[in-house]
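# Working through the structure, step by step
One letter stands for each residue in the lines below.
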Amino acid sequence: MSAVVVSVITGAYNCSAYVGEAYDSLCQQSFSDWEWIVVDDASTDGTLGILESIANNDARVRILVNKTNLGAAGSRNRALGEANGEFLAFLDADDRWLPEKLTRQLDFMRSKNAVASFTAYRVISSDGFSTGKIIDESAKQEISYAQALRKRATIGCSTVMLAKAAVKDARMPNLRTGQDYAYWLKLMRSGILFHHFPVPLTEYRITPNSISRNKVRKAMRQWEIYRKVEELSFLYAAWNFCFYAIRAVIR
């Protein structure tokens, strides 16, 4: 196996219907110097069996198994602790990448000398068909902490790539939902800008139980991150929440 350039991080819980597609999209990448570190989060369906079959036939795949369910943050953090790559990328177990995703995003980051980037993404249905919706296609070229608080971009987890050397604390906050957004905020608070590549290179799947379908839960999560994680004052949190609410209505 050649030197690892990209460590792909995945947490997997009861995703037997989709995880094979995620892996297939990884195998179809034009860039092949990657490792896939996937954590089975105490799945109760056939997810682990599928992952073991994949790993038995692909030396680039490493499986870690949680004895108890740790949630997305705990699983991703465990994988991040095992990463060997120069870059870190995230691929949720029910999402898919387009074949040029890694190649184009790496080229983009190197051209910009960027340490963090994200791309636009397409929304697909649970059965894998396009909904016609594209997210973050017109976001700003660079997203700062203040802009991220106002949700000037969604920053889909499966679109993000980070330069490992620039990430001093490669751990997501221990939240059951919204841990990825809280993590991006933590990195931006340290001065890191997220560079936007406006091409949709990821397909984000909306599943029946997805939090993306529940506007109230998303709003409650957003407020919790403002107040409890970022410790914003009530007025500053409310001001940012207004921007979030407007975006939620528009979308």
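Further up the page is the structure itself.
Presented here is an overview of the structure given in this document. All residue numbers refer to positions counted from 1 along the written sequence of the respective chain. pLDDT decides what is reported in this predicted model: residues at 70 or higher carry local features, side-chain atom pairs at 80 or more are listed and counted, and totals for whole chains, interfaces and linings draw on all residues regardless. Hydrogens and waters are ignored; side-chain quantities use all the structure's heavy atoms.

## A short note on helix α1 (residues 19-27)
Just so we agree on the cut-off: Throughout this description, buried means an accessible area under 20% of the type-specific maximum (1.4 Å probe, protein chains only), exposed means over 50%, and partly exposed covers the range between. Secondary structure is summarised from DSSP: a helix means a run of H or I of at least four residues, a strand means a run of E of at least two, and numbering begins at the N terminus for each. Here, the arc refers to the directions that run from the helix axis to the C-beta atoms. Residue contacts are counted whenever heavy atoms from the two residues lie within 4.5 Å of one another.
Along α1, the residues that are buried comprise V19, A22, Y23, S25 and L26. Down the axis of α1, the buried set is contained in an arc of 160°. They therefore lie on one face. Buried positions along α1 lie against β1 (6-12), β2 (34-40), α2 (47-56), β3 (61-65), β5 (96-97) and α4 (101-112).

## So, the pairing of β1
Formally: Following DSSP output, two strands are said to pair if at least two bridges run between them. Look down the strands so they point away from you; if going from the first strand over the helix to the second traces a clockwise path, that crossover is right-handed.
Counting buried positions along β1 gives 6 out of 7 residues, so the element sits mostly inside the fold. Here β1 pairs with β2 via 7 bridges, running parallel. Its bridge partner being in β2, V8 is matched across the sheet by W36. Where the polypeptide runs from β1 across α1 and back to β2, its parallel neighbour, the crossover connection is right-handed. Examined bridge by bridge, β1 and strand β4 (residues 87-90) share 4 bridges and lie parallel to one another. Residue pairing in the sheet places V6 in a bridge with F87 of β4.

## Remarks on the packing of aromatic side chains
Basically, it comes down to this: When two rings of Phe, Tyr or Trp (its six-membered ring) have centres within 6.5 Å they constitute a pair, described as stacked for plane angles under 30 degrees, edge-to-face for angles over 60, and tilted for the intermediate range. Charge-over-ring contacts are defined here by two conditions on Lys NZ or Arg CZ: a distance within 6 Å of the ring centre and an angle within 35 degrees of the ring normal.
One pass over the full model with this rule turns up 11 aromatic pairs. Between Y236 and W239, the ring centres sit 6.1 Å apart and the planes meet at 15°, which makes this aromatic pair stacked. With a gap of 3 residues between them, Y236 and W239 both fall in helix α8 (residues 234-250), about one helical turn apart. On the basis of relative accessibility, which here comes to 42%, the residue W239 falls in the partly exposed class. Plain terms: the ring middles of F241 and Y244 are 5.3 Å apart, the flat faces sit at 45° to each other, and that makes the pair tilted. With a gap of 3 residues between them, F241 and Y244 both fall in helix α8, about one helical turn apart. With relative accessibility at 23%, the residue F241 sits in the partly exposed group. Positioned above the aromatic ring of F243, the side-chain terminus of R150 is 5.7 Å from the ring centre.

## Re the layout of surface pockets
The criterion, for reference: Cavities and pockets were defined on a 1 Å grid built from protein atoms only: a cavity is a group of points that admits a 1.4 Å probe but offers it no way out, a pocket is an open group of points flanked by protein on both sides within 12 Å along at least five of seven lines, and a lining residue is one with an atom within 4 Å of any such point. Grid points are joined across faces, edges and corners, and a volume is the space filled by probe spheres set on the points. Three residue categories are used. Nonpolar comprises Ala, Val, Leu, Ile, Met, Phe, Trp, Tyr, Cys and Pro, charged comprises Asp, Glu, Lys and Arg, and polar comprises the others, including Gly.
Looking at the second largest pocket, its volume works out to about 160 Å³. Lining the second largest pocket are 10 residues, and of these D136, E137, S138, A139 and R247 sit closest to its centre. Here the residues of the lining of the second largest pocket are counted per class, giving 3 nonpolar, 1 polar and 6 charged.

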